[in-house]
Each structure stands twice: as structure tokens, then as C-alpha cells.
Amino acid sequence: MKRVGKPVVFILVLLIALISFASFFGISTTYGDVTRTYFKGLGDVQWGIDIQGGIEVIFYPADEYDATEEEMATAEEVLRTRLLNQNITDGEVYVDASTDRIIVRFPQGEGWTDLDIQEAIRDLGQQAVLTFHEGSSTDSDGNPTGDVLLTGDDVESATAIINSQTNEPGVSIKFTDTGVNGEASGREKFAQATADLVGQTISIWMDDTLLSNVRISTAIDNGEAAISGNFTVETAKEMADQINTGSLPFALTNDGYSAISPTLGMNAKSTIVLAVGVALLAVGIILIVVYRLPGLVACISILGQVALMVAAISGFFPNTQSTVLTLPGIMGMLLAVGMCVYANVVSAERIREEFDAGKTLDSALFAGFSRSFKGVLDGSIAVILVSAVLMGAFGPTNGVFSVLLGWIFRFVSSTTAGVIYSLCYPLLIGALVNILMGTLIPRWMLRSLAGFKAMRNPWLYGGKKND
């Protein structure tokens, strides 16, 4: 059988070391007051309310509007979905129908100022009524005066995009193909509007804010439109999320916010990090003592497993969002690490069995990993499928899994959405990474080490020592 090249083990160790350093500490440069982040680290992870504390805001209908129970329920669902779409998986939304109050709690981001909090509250409570108006004229108060051509109810979905021609962020809108209560579909309304207004302008508004003025050069009947303007990547995504979650049935207002303490105590974060570090160190020592060289390789693989999971949660690249890490999320990460430990232990035990059967070093390594691979792969796939289904049922409405699978458990109470999603996301990432770190990386490293003469003693791999 063909051996793995000797340099492979050094290349893999170096890659894992670099990825671990970048994911744990991040990489950034500071010039004056400007900091440029290349890779986010553990310090950029957003911690949940239970670990770090957060913000509580009490919303109520503006202008003394008397909301019905159905409208309050709709507002609750919209706010809950907006939290999930912002990757706030442990946000809490409660409704007091007797007083028309909606209590919202969400974690406070690292280093947030009062201005950041006010902006987050404003984005969360924005009514987000999307309208398309004929022409671009406004009254003295700056409100559109043209006839309403379409509303947010005519929109099926919205997606943040980068314009391929101008390289600027924007929002792509897809209109509905079917109408409601006998009305024309959004696609038909937009096609008719653009046909009637060739050479004229359609203005697009979100509440009282003008998003874009579009001059119509030809009728558009493909059911899609693009909004461009002064968008950044972040604001384009926020706009798409607001369109996808729908508008609130009434305008919301609030009297400010209050801080809430972490439910696990003020020192919960440092205690959890210390406890996890000590536990992983103990596991590593046991693996090395019991399994020798495969145990050492397992420790390196576990380090890579943890590093890649931290990268996925922190939003490793500058333009990606981080995911709020809660206590259930930490439990999901630990379960995934346990999967990696289990995979390496199974492989090491299979290698020992091959030595007991009289196999040579190369044959024992090849056969041991081959026998363990199917079981580890099946376990990882099972976890991936379960996590994907639960994330689809309880995750953001515009997420991949929600689009494909979200209909399955819509009858389940949404109050458990944040807890389940925050558990399943790290577990899904960990199961995917485990296929690499639990099987392939240890196999390549051990077979590469076996190419060195000093590393050919079967005792190092769990067999009997050469005489």
C-alpha cells in the first residue's frame, strides 16, 4: 500500500497551529484610531444573556393604538424572527396582552456604546412597511404622494446582493406568483406598473424613508427587481431581513432600555473558559498516556476541531456575522469535541486489534482506520441530519435549512427556537468538522509519521514493543 509522504505531518501540524492561532486570538492591525480586522478571534464571539447579560426593552403601540390579541401575536412573531435573523439565538420575547406591552431581551454586544444599543432597538422596533409608489414626488413633510403600486405583501423574498456591474451592495426582490383573495400577484402588479410607467419613475419606500428612485425603461415581467442606494453590506442584509420577516401590524415605541445581569453570574464567562480548558487538558493527557502516538495525534486533531468551531461561531472573516454563544451552544461544542475524541479512540482501538491479529505497522494503520471510518462517518451524518432539521424548524426564516425544512415543525411553540438553534448550530459545525479531524487528519498524520525509521516501533501505536 502507498505511504503518505513524510512532510505531510509537518504541513498539517503547521496548518492547524496557524488556524488555531487565528481563530483564538484573531488577526488585526491598528494604525492610529483605525483598526483593520483580517480574521476574528475568540474575543469577537458574542456571548449570550445567560453568560454576559444583556438589554431589556419594553415596546408598546405608538399613538395609543389599541392592538388586538391577533396583532400582538403577529408583532411577537415578527420581533422573534428579527432576533433570529440577526443571529441572536437566545433573545427573549414576551407579550402582556392585557397592557399591550412586548418585553424584548437580547444580549449586549462586546464593546457596545449607548448609541449602538439605541440603533439596535430602533432596527428591532422599526415597522418596516415596504411600499412602491408612482413617481417620486413628496409632500411638505417628505412623504410620498404618488399612488401605491405594490406593498410588502406582494413580495415573496428579498436577498442582499452585490451588483455585478457597479460592485455596490443592494437588495434583490422577488415578487409573489399568486395573489390573495382574488387579487393579482405581485409579479403581475409589478409587470403592469412597469408597463404603464415606461419612461417614468417608481419610488421605493421603507416606512417614511426613501430607498430608491427607479426610472423605468421597459416593462419588467420576470417578477424580480433590485433596490440600489446608499447601502453597505450590513445594511443591505438588514433590509432584506426586515422585508422577509414582514412589517409589524402597528408602529412601536419604547421608553428606553435597562441592563440585565447574566443568569449564571458575573464571572460565568471566565469560569466556563477555564473549566473547558482544564477538561480538554485532562482528556489530552489521558489520550497520550493510554494510546501514545495516536493519542498525541488525537490531541492535535481536537485542537483543530475546537479552532474551526470557534471560527464558525465568531464569524472568522471580517464581513461575516458571528453567532451568539450561549450555555446550550457551549454544550453543543462539547458534544462535538466528544465526537472527535470518540472517533480517535475508535481508530486507536482498531489499530491495536490489528496488531493483536499479527498485522505489520503499515497494514495495521491502514486496516484500523478503514474499519473505524464507516462507523464514525455514519454517526457524524446522523448528527448532521438531526441538527439540520431542527435548525430548519427553529432557525431564521430566510436560512437555508428553514427554506428547505422549516415547515416540518411549525406547529411547535416558537419559545424554544433560540435554545434549540443555539445548541444545534455548533453541533452541526462540529459534526462536519469531525469528518475531517476525527478520521482523515489523524490517518494522514499517523501514516506520515510511520514513514520515519524512528517511528516504526509498533509500541508507539499501541502494539507490542519490538525486541
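This report concerns the structure included in the present document. Computed from a predicted model, the values in this text were never measured in an experiment.

1. Details of the sheet that holds strand 12 (residues 224-227)
The strands making up a sheet are joined through hydrogen bonds of the backbone, oriented either antiparallel or parallel.
And then number 1: In spatial order, the strands read 8-9-12; together these three strands make up an open sheet with antiparallel pairing. The sheet is open, and its two borders are formed by strand 8 (155-162) and strand 12, each paired with just one other strand. Each strand axis lies, on average, 25° off the axis of its neighbour in the sheet, ignoring direction.
And then number 2: For strand 8 and strand 9 (residues 169-175), the ladder comprises seven bridges, and the chain directions are antiparallel. Bridged to A158 within strand 9 is I173.

2. Re the sheet that holds strand 7 (residues 148-151)
And then number 1: Taken in spatial order, the four strands make up an open sheet running 7-6-10-11, and their pairing is antiparallel. Either end of the sheet is taken by a strand with one partner, and the two such strands are strand 7 and strand 11 (209-215). Here the strands of the sheet are splayed against their neighbours by 20° on average, with no regard to which way each runs.
And then number 2: Here strand 6 (residues 130-134) runs beside strand 7; their pairing, made up of three bridges, is antiparallel. Directly across from T131, in strand 7, lies its bridge partner T151.
And then number 3: Each of strand 7 and strand 10 (201-206) touches helix 5 (residues 186-196); the most contacted strand, strand 7, lies at about 150° to it.

3. A closer look at the environment of G48
And then number 1: Within the secondary structure, G48 sits in the loop between strand 2 (34-39) and helix 2 (49-52).
And then number 2: Taking C-alpha positions, G48 is 34 Å from L12, a pair spaced 36 residues apart along the chain.
And then number 3: The contact partners of G48, leaving out residues within four places of it in the chain, are G53, D90, P107, V324, L325 and T326.

4. Observations concerning the side chain of Q242
And then number 1: Note that Q242 resides in helix 6 (residues 233-245).
And then number 2: Within the local environment of Q242, its side chain forms a polar contact with the backbone oxygen of D123, the two atoms lying 3.3 Å apart.
And then number 3: Not counting residues within four places of it along the chain, the set of residues in contact with Q242 comprises D123, Q126, A128 and M206.

Quick notes on the rules
Residues numbered from 1 in each chain as written. Predicted model: local features only at pLDDT ≥ 70, side-chain atom pairs only at ≥ 80, totals over all residues. Heavy atoms only, no water. Pairing = 2+ DSSP bridges. Helix = DSSP H or I, 4+ residues; strand = E, 2+ residues; numbered from the N terminus. Axes fitted to C-alpha atoms, helices over the stretch in contact; angles between N-to-C directions. Contact = heavy atoms within 4.5 Å. Polar contact = N/O pair within 3.5 Å; in protein donor to acceptor, adjacent residues only side chain to side chain.

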